[in-house]
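Understanding the architecture of this molecule
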Amino acid sequence: MKKISLLLAIVFCFSLVGCGKDTAPAALESTNSVETNQSIDSVESTEIPDDTASEDFAETPDSVDNEEAEEDDGTYWLSGYLKSSEKDKSGEPDEYGVIQPIIYVAKIDGDSLIIEGTTNFRNEESQDPVGMGPGDYAEFIITDETVFQMVGGEYGPETVTKEEFAGYLESCADSGILLDLKITGAKVTIAKIRS
């Protein structure tokens, strides 16, 4: 439960950052205080002793949270349509009021997959979107285990190399086809271009 709450807090903070808000840390603190103070009416206020109220004491919970976030291996799916010429429409509703998951930059740079734009968020591949991923900029780690696939056509998915996939990303930048990513922690497990 703690990992799910932490993941939701992180997604919420990223969405605020994507909206241009500078209040993401305050939002995270407010989320943490809600979790730890669930029944504030039933708990008497407690004073922190002066000897523990040092700067070192205040920094310890943050460092523990950061370590837990790095160790969190939550898996989820992000997807969006590759439309480099429609940056201004990314995250905006279309004529039917549906938010457009438009990725206007998608590229591989070394061992990183970089995307800019708005994405749909799913817990499982076959699930309908349950929310919007953070907008603007996101960078994920590519490992030797990352699987790159081209999906479509009559023969099923075709597995390609990282270099081939990078070339497809570049050539499909404004094609409107779907980029679908399985993320585990901050690592790309599967990257698919779906035609």
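This text goes with the structure placed above it.
The model shown is predicted, which means the values in this text are computed figures rather than measured ones. (Residues numbered from 1 in each chain as written. Predicted model: local features only at pLDDT ≥ 70, side-chain atom pairs only at ≥ 80, totals over all residues. Heavy atoms only, no water.)

Examining the overall build of the chain
- A tally of regular secondary structure across the chain gives four helices and nine strands.
- Sequence-ordered secondary structure for the chain, helices as α and strands as β, is α-α-α-β-β-β-β-β-β-β-α-β-β.
- Across the 195 residues that make up the chain, the buried fraction comes to 30%.
- Looking at the chain alone, contacts between residues at least 24 apart form 54% of all its contacts between residues at least 6 apart.
- Total accessible area on the chain is roughly 12600 Å²; 51% of this is exposed by carbon and sulfur atoms. (Helix = DSSP H or I, 4+ residues; strand = E, 2+ residues; numbered from the N terminus. Buried < 20%, exposed > 50% of the residue type's maximum accessible area, 1.4 Å probe, protein only. Contact = heavy atoms within 4.5 Å. Areas by Shrake-Rupley, 256 points an atom, 1.4 Å probe, with all protein chains shown as cover.)

Regarding the environment of I183
- Summarising the element assignment, I183 is placed in strand 8 (residues 178-184).
- Using a relative accessible area of 0% as the deciding quantity, one classes I183 as buried.
- With 43 residues separating them in the primary sequence, I183 and F140 have C-alpha atoms 8.0 Å apart.
- Those residues in contact with I183 that lie beyond four places of it in its chain are G74, T75, Y76, L78, F140, V188 and T189.

Structural notes on the pairing of strand 6 (residues 137-151)
- Relative to strand 6, strand 3 (residues 112-117) runs antiparallel, the two sharing five bridges. If you follow S112 over to strand 6, its bridge partner there is I141.
- Pairing geometry for strand 6 and strand 9 (residues 187-194), over seven bridges, is parallel. Of the residues in strand 9, the one forming a bridge with I141 is K187.
- Both strand 6 and strand 7 (residues 158-160) contribute to a ladder of three bridges, which runs antiparallel. From the neighbouring strand, Q149 faces strand 7, where its bridge partner is T159.
- Adjacent in sequence and paired antiparallel, strand 6 and strand 7 are bridged by six residues, among which G152 carries a positive phi angle near 140°. (Pairing = 2+ DSSP bridges.)

Quick look at the pairing of strand 9
- By the bridge criterion, seven bridges tie strand 8 to strand 9 in an arrangement that is antiparallel. Residue pairing across strands places D180 opposite K192, the latter belonging to strand 9.
- What sits between the antiparallel neighbours strand 8 and strand 9 is a turn of two residues, in which G185 has the positive phi angle 65°.

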